Amino acid sequence: MSNSAPIGIFDSGIGGLSVLRHVRTLLPHEALLYFADSGFAPYGEKPESVIVERALAIAAFLLRFNIKAMVVACNTATAAAIAALRERYPDLQVVGVEPGLKPAAALTRSGVVGVLATAGTLASDKFQKLQQQISAATGVTFIAQACNGLADQIEKGELQSRDTAALVQRYVAPLLAQKADTLVLGCTHYPFVEPLIASATAATGTPVQLVDTGAPVARQLERLLSQHGLLHTNAPSQGALSAYTTGSRTTLATAFRVLLDLNPPVDEVAGQMD
Ligand code: DGL
C-alpha cells in the first residue's frame, strides 16, 4: 500500500462534507475521493441491513481506486455497518464517526446533554452502549432526540428555510426545556444548520454549547495513517479531490461550491456499483 494512495470518505449524501473539510485542513496533501450515496438518502430511517449492504457496495467501489483508508463520515452508517466493513476488509484502515458524548459530558455544567441524531443512530446498540457507559462514568444525563426529516431538508439545500427552522425549533426546544446546556450534533449533516440551531438556543438566554465531531475524526484519521506509515506528508501541493454520487451531479457539485467553496469533478455512478 502506497502512502500516496487516496482516502475514501462517504456519507448518505452531503453530510460527510462537514467531515471532509476538517480532513482537508488537517491533511492537505492527501488525495480524497468523496462518495455521496444520495440516491439512497436518507439512511436515518432505513433498516440496518440496507445500510450494511450500501456500505459494503460503496467500499467495494472505492477500493477500485486502491484507497488506503476509508472514513465513514456518517453516524448512522458507522453505527450500522462499521463492524461489517472491518470484517469484510480487514486490511483497510476504517475510521467512523460517533456522536461526541464524551466531549459533551466534559463540557456540560447542568449535567444534561441533548443528542440530535437520526432515529437509526439512536436506536443502535453501539449508541445505547456508549450512552450507558459515559452516563455511568460521569453522571451526565443524555436526552436523545431523533430529528426525522432534518437531513432531508439539508440534502435539498434548505439550510435557512422557514420549514427547516421550524423543524430545528421543534427538536431543540424540548431539550432546552429539560435543562440541556450542551447539544451533540450526532449526524454529519447537522453542522450545516448550526446557525439555525444556535438561534433556536439563543432564546434561552443562557449559552448552549454545540459539539461537532468533524475535527476529532480528522485527528483520528491522521493518527491511524501515521501509525501505519501511510501519511502523505511531503507532497508539494494540495492533494487531488474528486467526487462520486448515486444521485445528481449538479446537487453534489452545488453542495461542494456552496458549503466548501470547492469545485471538484463529480461523477454519477449509480449504474457502476455492481
Ligand atoms: N449524515 C448521516 C449521519 O451522520 C445521516 C443522514 C441520513 O442519511 O439520514 O447520521
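Above: the structure in question.
Please read all numbers here as calculations on a predicted model, not as lab measurements.

Analysis parameters
Residues numbered from 1 in each chain as written. Predicted model: local features only at pLDDT ≥ 70, side-chain atom pairs only at ≥ 80, totals over all residues. Heavy atoms only, no water. Helix = DSSP H or I, 4+ residues; strand = E, 2+ residues; numbered from the N terminus. Rg over C-alpha atoms; globule rule 2.2 N^0.38 Å. Buried < 20%, exposed > 50% of the residue type's maximum accessible area, 1.4 Å probe, protein only. Contact = heavy atoms within 4.5 Å. Areas by Shrake-Rupley, 256 points an atom, 1.4 Å probe, with all protein chains shown as cover. Core = buried A, V, L, I, M, F, W, Y, C linked by side-chain atoms within 4.5 Å. Pairing = 2+ DSSP bridges. Phe/Tyr/Trp six-rings, centres within 6.5 Å; stacked < 30°, edge-to-face > 60°. Lys NZ or Arg CZ within 6 Å of the ring centre and 35° of its normal.

The helix and strand inventory of the chain stands at 11 helices and 10 strands. For 274 residues, the compact-globule formula gives about 19 Å, and the C-alpha radius of gyration of the chain, at 18 Å, lands near that figure. Oriented by its inertia axes, the alpha-carbon framework of the chain measures out at about 50 × 40 × 40 Å. Going through the 274 residues of the chain one by one, you find that 53% of them count as buried. For the chain, long-range pairs separated by at least 24 residues make up 79% of all intrachain contacts whose partners lie at least 6 apart in sequence. In the form shown here, the chain has an accessible surface area of approximately 12,000 Å², with 50% of it arising from carbon and sulfur atoms.

It is worth spelling out the nonpolar core at this point. One finds Leu116 and Phe256 to be the most contacted residues of the largest nonpolar core, which totals 56 residues. Sort the elements by how many residues they give to this core and helix α8 (residues 162-177) lands first, with six residues. The contact partners of Leu116, leaving out residues within four places of it in the chain, are Gln145, Cys147, Tyr171, Val172, Leu175, Leu183, Val184, Leu185, Gly186, Cys187, Tyr190 and Ile197. Of all hydrophobic cores here, the second largest spans 27 residues; its members include Leu33, Leu56, Leu62 and Tyr244.

Looking now at unusual backbone geometry. With an omega of 0°, the peptide bond between Ala41 and Pro42 qualifies as cis. One non-glycine residue, Asn66, lies in the positive phi region at around 55°. With respect to the helices and strands, Asn66 occurs in the loop between α2 (48-63) and β3 (69-72). Of note, the phi angle at Asp261 is positive, near 60°, even though the residue is not glycine. With respect to the helices, strands and loops of the structure, Asp261 is situated in the loop between α11 (249-260) and β10 (266-268). For Asp261, a relative accessible area of 65% puts it in the exposed group.

As a further point, take the pairing of strand β9 (residues 241-245). With five of five residues buried, β9 lies mostly within the body of the structure. In β9, alternate side chains face the same way, and those of Leu241, Ala243 and Thr245 on one face and Ser242 and Tyr244 on the other are all buried. Direction of pairing for strand β2 (residues 32-36) relative to β9: parallel, over a ladder of five bridges. In the sheet register, Leu33 faces β9, and the bridge partner there is Ser242.

Within the secondary structure, Gln153 is located in helix α7 (residues 150-155). Expressed as a C-alpha distance, the spacing of Gln153 and Gln220, which sit 67 residues apart in the sequence, is 29 Å.

This brings us to the pairing of strand β5 (residues 112-117). Of all six residues in β5, six are buried, a share of seventy percent or more. Where burial is concerned, the two faces of β5 agree: the one with Val112, Gly114 and Leu116 and the one with Val113, Val115 and Ala117 are both buried. Of the strand pairs in this sheet, β5 and strand β6 (residues 141-146) are connected by six bridges, and their pairing is parallel. Residue Leu116 lies in a different strand from β6, and its bridge partner there is Gln145.

This part covers the packing of aromatic side chains. Taken as a whole, this structure holds five aromatic pairs when the rule is applied. Ring geometry for Phe35 versus Phe61: centroids 5.5 Å apart, planes at 65°, classification edge-to-face. Residue Phe35 is found in strand β2, and its partner Phe61 is found in helix α2; the two are separated by 26 residues along the sequence. Exposure class is identical for Phe35 and Phe61. Each is buried. Note on Phe65 and Tyr244: the rings are 5.2 Å apart at their centroids and 35° apart in plane angle, and the pair reads as tilted. Here Tyr244 lies in strand β9 and Phe65 lies in the loop between α2 and β3, a separation of 179 residues in the sequence. Here Phe65 falls in the partly exposed class, since its relative accessible area comes to 31%. Under the relative-accessibility criterion, Tyr244 is labelled buried at 9%. Feature note: the residues Phe35, Phe61, Phe65 and Tyr244 constitute an aromatic cluster, connected by ring pairs. For the cation-ring pair, Arg54 lies above Phe40, with the distance from its terminal atom to the ring centre recorded as 3.6 Å.

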